[in-house]
Amino acid sequence: MTSHPKSDPSAPACRTCSKTDCSAGQRRSNESDADFADRQKLESRLCRIRHKVVVLSGKGGVGKSTVAVNLAVALMMSGSRVGLLDVDIHGPSIPTMLGLEHHTLGGSDGEIAPADVDGLKVISIGLFLPSQDDAIIWRGPLKMGAIKQFLKDVAWGDLDFIVIDSPPGTGDEPLSVCQLIGRLDGAVIVTTPQRVAAVDVRKSITFCRQLQVPVLGVIENMNGFACPKCGEITSIFRSGAGKSIANDMGVPFLGSIPLDPQIGEACDSGQAFVRRYAASPTAALMRTIIQPIAALT
Ligand code: ADP
């Protein structure tokens, strides 16, 4: 086993700040030297990130990654320093959405340099795969290890926000994120308006409650169709299930995003919609919807 220096309880826990009561400085009774050093490294990284927000959904294909990318870029456009972490180990779509399919990761001294997309720091398991077609078969503990490495060994630097795009459902990845980060500001839950999606929203809210992660709000995506010619929004699905469940379960409803062909187009061309079509009514709507997150202090 590698030996690590023992901690001096009166010394600052890490080089990040001068707090002497930080948990990073307190060695746990059953912790080995290596585990203690590992936890200190993780906590000192997280200490430099002011707000941590995870984006969840009950089902795939509801636009969770689209919301994560646009939330991160909109926060950055409003002047924040932002990182985007994609922990969807089985279907990472962030590299495609941000035009990073051919990005080569760099780094030095055991640190991984995140990709930089016009100032947005991005890490995705997709950036580590030799080919987009590669499938990963990983069990829970390995996934947890990979996510820990993304948080601990990536040179995130000082950030105002990290937005974490988690795979659909309530499985290993969102659980690992919540357990590793510990103090998340909260979760944004993305759904579609149909009633069939409702049960999954309830599960996501219950998951957050069990882990004591605040629910920052529910976003109903694909609610109506935004006509590219006249801008009128035509409703497609009848029920506003996301909104009524948010109300029923006492969590904020952040708002609805329509189906907008320009969102799909921006996404396929590797550009964030809120930047590419910043002047469009749907982009203005997105900026309004994320206001409560931008306003986190
Ligand atoms: P998820 O992460 O929930 O699996 P994605 O964000 O990958 O879903 O979105 C799936 C597809 O739907 C993507 O091609 C994306 O561009 C498209 N999409 C998502 N939201 C919208 C929307 N509001 N309007 C048009 N296309 C959308």
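The following refers to the structure shown. Not measured: the values here are computed from a predicted model.

1. A word on the nonpolar core
And step 1. Counting residues in each nonpolar core, the largest one holds 43 residues, and the members touching the most others are Leu 84, Leu 98, Leu 120, Val 163 and Ile 293.
And step 2. Of all the elements, helix H2 (residues 64-77) adds the most residues to this core, at 9 residues.
And step 3. In contact with Ile 293, other than residues within four places in its own chain, are Val 53, Leu 71, Leu 75, Phe 161, Val 188, Leu 216 and Leu 254.
And step 4. Judged by nonpolar contacts, the second largest core, of 40 residues, contains Ile 147, Phe 150, Leu 151 and Cys 178.

2. Re the packing of helix H4 (residues 140-152) against helix H5 (residues 172-181)
And step 1. Axis separation between H4 and H5 bottoms out at 9 Å; the angle between their running directions is 50 degrees. Judged on the interaxial angle alone, H5 and H4 are oblique. As H4 runs across H5, the sense of the crossing is right-handed. Of the residues in H5, those in contact with Gly 140, Lys 143, Met 144, Ile 147, Lys 148 and Leu 151 of H4 are Asp 172, Glu 173, Ser 176, Val 177, Gln 179, Leu 180 and Ile 181.
And step 2. Its residues assigned to classes, the contact of H4 with H5 comprises 6 nonpolar, 3 polar and 4 charged.

3. Things to note about the packing of aromatic side chains
And step 1. Under the criterion given, the structure shown has 2 aromatic pairs.
And step 2. Summarising the aromatic geometry, the rings of Phe 273 and Tyr 277 are spaced 5.8 Å apart at their centres and angled 40 degrees between planes, so their arrangement reads as tilted.

What counts, and where the lines are drawn
Residues numbered from 1 in each chain as written. Predicted model: local features only at pLDDT ≥ 70, side-chain atom pairs only at ≥ 80, totals over all residues. Heavy atoms only, no water. Core = buried A, V, L, I, M, F, W, Y, C linked by side-chain atoms within 4.5 Å. Buried < 20%, exposed > 50% of the residue type's maximum accessible area, 1.4 Å probe, protein only. Helix = DSSP H or I, 4+ residues; strand = E, 2+ residues; numbered from the N terminus. Contact = heavy atoms within 4.5 Å. Axes fitted to C-alpha atoms, helices over the stretch in contact; angles between N-to-C directions. Parallel < 35°, antiparallel > 145°, perpendicular 65-115°, else oblique. Left-handed = near helix turned anticlockwise from the far one by under 90°. Nonpolar A, V, L, I, M, F, W, Y, C, P; charged D, E, K, R; others polar. Phe/Tyr/Trp six-rings, centres within 6.5 Å; stacked < 30°, edge-to-face > 60°.

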